[in-house]
Amino acid sequence: MRNFSNEYSSLALNTATLGHNIDGFGAGWSPEKIIDACSEKGFGAITFWRREIGNKAFDIGNRVRDAGLEVCGLCRTPFLIGPMAPKPHSVMMDDLYSSIDMAAELGASCLTSVVGGVIENSHSIKESLMRVAEITAEIAPYANKAGVKFALEPLNPVFGGNRSCLVTVRDAIDICEMVGDPNVAVAIDVYHVWWDLTLPEQLIRLGGERIAGFHLCDWLADTNDFLLDRGMMGEGVADIKSIRQAVEDSGYNGFCEVEIFSKNNWWNHDPDKLLDTIVERFRSVC
Ligand code: ZN
């Protein structure tokens, strides 16, 4: 397993950690300011959210690379199905294609997809996952041509109803195999997989080539908001080192991206000090 105590250029920042992806939160740092701060503090890459990019994808991507960093991802596709997906379907598809275009323009290595909850009135995770597989198969060639990995992110089962009927790494691999395009991959997030004792064997089945991202945070024992009360690495109950071990045993040696949604705590910290805390925790507890 890699040792990050001194050499930590595999550390990446997901900008959601600074709170910018939700109205009324975050310190209002521009992408340019985030890039400069990450470069100064020794991060190796940044994942942005679409709302921060606007029509500046090309310029922001170049600015990241000029600063010696990479764009390791873009968040995210629209919800593909379920109660929170854009309606009608054609509107969702247009937005899906736009998200791929933006990731390509930005030079992001992957586009994360949170697939959406169980299809309304279907009462069927199975049917919903089949529909996700169909939509993924439909757009996979377009993403492939654009040079953007399509990263299915299974979410914690607490989000199964509304945000993601895809709740296990097992089901994400099944969809990859149904689609059969090597460009369709899986993002592994500590918040979503920390409880799953089958993770090591599933990750071996997946293989490092099909891991399109590894996301860090922690699960708080007494979380008060499943969506917006994530913990900093080391303050919760997840066995982060063992999870990273399993991810790396599968062959993954890419970026480790810190993604902390924390409305009442970390988003209220000074971003500069927050980034220092992230570096310290990454080197010591991850
Ligand atoms: Zn994530």
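Residues numbered from 1 in each chain as written. Predicted model: local features only at pLDDT ≥ 70, side-chain atom pairs only at ≥ 80, totals over all residues. Heavy atoms only, no water.

### Concerning the layout of surface pockets
Using a probe with the size of a water molecule, rolled over the atoms, empty space left in the structure can be pinpointed. Quick note on the threshold: A pocket here means an open set of points on a 1 Å grid, computed over the protein atoms alone, that has protein on both sides within 12 Å along at least five of seven lines. A cavity is instead a set of points where a 1.4 Å probe fits but cannot get out; residues with an atom within 4 Å of a point line either one. Grid points are joined across faces, edges and corners, and a volume is the space filled by probe spheres set on the points. Helix numbers and strand numbers start at the N terminus; a helix is a DSSP run of H or I with at least 4 residues, a strand a run of E with at least 2. Classes in brief: Ala, Val, Leu, Ile, Met, Phe, Trp, Tyr, Cys and Pro nonpolar; Asp, Glu, Lys and Arg charged; the others, Gly included, polar.
When its volume is computed, the largest pocket comes out at roughly 430 Å³. Broken down by secondary-structure element, the contributors of at least two residues to the lining of the largest pocket are helix H2 (50-53) and helix H7 (190-193). For the lining of the largest pocket, the residue count by class is 13 nonpolar, three polar and eight charged. Estimates place the volume of the second largest pocket at around 270 Å³. Surrounding the second largest pocket, 17 residues form its lining, Ile-211, Ala-212, Gly-213, Tyr-252 and Gly-254 being those nearest its centre. Where the lining of the second largest pocket is concerned, the elements lending two or more residues are strand E3 (70-75) and strand E7 (211-216). The dominant element in the lining of the second largest pocket, judged by the number of residues it contributes, is E7, at four residues. Tallied by class, the residues present in the lining of the second largest pocket amount to seven nonpolar, six polar and four charged.

### Digging into the coordination of the zinc ion
Under perfect tetrahedral coordination by four donors, a metal shows angles of 109.5 degrees; under perfect octahedral coordination by six donors, it shows angles of 90 or 180 degrees. Put simply, the rule is: For Na, K and Ca the donor cutoff is 3.2 Å, while for all other metals N, O and S atoms must lie within 2.8 Å; water is not among the atoms, so some sites may look incomplete. A site with four donors is called tetrahedral when every donor-metal-donor angle falls between 85 and 135 degrees; four donors are called square planar, and six octahedral, when opposite donors sit more than 155 degrees apart and all other angles fall between 65 and 115; any other arrangement is irregular. Partly exposed describes any residue whose relative accessible area lies between the buried limit of under 20% and the exposed limit of over 50%, with all areas from a 1.4 Å probe on protein chains only and scaled to the type maximum.
For the zinc ion, the protein coordination sphere consists of Glu-153 (OE), Asp-189 (OD), His-215 (ND1) and Glu-259 (OE), at 2.0 to 2.2 Å. One way to put it: the four donor atoms around the zinc ion meet at angles of 83 to 162°, and that makes the site irregular. Donor residues binding the zinc ion come from one chain and are separated in sequence as E-x35-D-x25-H-x43-E. Within this pair, whereas His-215 is found in strand E7, its partner Glu-259 is found in the loop between strand E8 (256-258) and helix H10 (271-285), the two being separated by 44 residues in sequence. Assessed through its relative accessible area of 2%, His-215 is described here as buried.

### A look at the packing of helix H4 (residues 89-106) against helix H5 (residues 125-146)
Stated formally: Working convention: axes come from line fits to C-alpha atoms, limited for helices to the stretch in contact. Angles between N-to-C directions cover 0 to 180 degrees. The hand of a helix crossing depends on one turn: near helix anticlockwise from the far one by less than a right angle means left-handed, and clockwise means right-handed. Residue contacts are defined here by distance: any two heavy atoms, one from each residue, within 4.5 Å place the two residues in contact.
Look at H4 against H5: their axes get within 10 Å of each other, and the N-to-C directions meet at 35°. H5 is crossed by H4, and the crossing has right-handed handedness. On H5, the residues that touch His-89, Met-92, Met-93, Leu-96, Tyr-97, Ile-100, Asp-101 and Ala-104 of H4 are Arg-131, Ile-135, Glu-138, Ile-139, Tyr-142, Ala-143 and Ala-146.

### Some words on the pattern of salt bridges
Any two side chains of opposite charge can pair, on the condition that their charged atoms come close. Inclusion rule: Each reported salt bridge corresponds to a side-chain nitrogen of Lys or Arg within 4 Å of a carboxyl oxygen of Asp or Glu.
Throughout the structure, instances matching the rule amount to 17 salt bridges. Ionic pairing is found between Asp-171 and Arg-170, a salt bridge with its closest N-O pair at 3.0 Å. Two residues, Glu-280 and Arg-281, come together in a salt bridge whose shortest N-O distance is 3.5 Å. In the salt-bridge network here, residues are joined through shared partners; they are Asp-174, Glu-177, Arg-205 and Arg-210.

### Re the side chain of Glu-52
How we decide: When charges are tallied, Lys and Arg are placed among the positive residues and Asp and Glu among the negative ones, while His and the ends of the chain are skipped. N or O atoms closer than or at 3.5 Å make up a polar contact, with two conditions inside protein: a donor-capable atom paired with an acceptor-capable one, and, for residues adjacent in sequence, both atoms drawn from side chains.
For Glu-52, the position within the fold is in helix H2. No salt bridge forms around the buried Glu-52; measuring N to O, its nearest opposite-charge neighbour Arg-51 is 7.0 Å away. A distance of 2.8 Å separates a polar atom in the side chain of Glu-52 from a polar atom in the side chain of Thr-15. A polar side-chain atom of Glu-52 sits 2.8 Å from the main-chain amide nitrogen of Trp-49. Setting aside chain neighbours within four positions, we find Glu-52 in contact with Thr-15, His-20, Pro-31 and Ile-60.

### Regarding the side chain of Asp-171
Take Asp-171: it is sitting in helix H6 (residues 169-179). One polar contact links Asp-171 to Arg-170, side chain to side chain, over a distance of 3.0 Å. Sequence-distant contacts of Asp-171, that is, excluding residues within four places in its chain, are made with Leu-129 and Leu-166.

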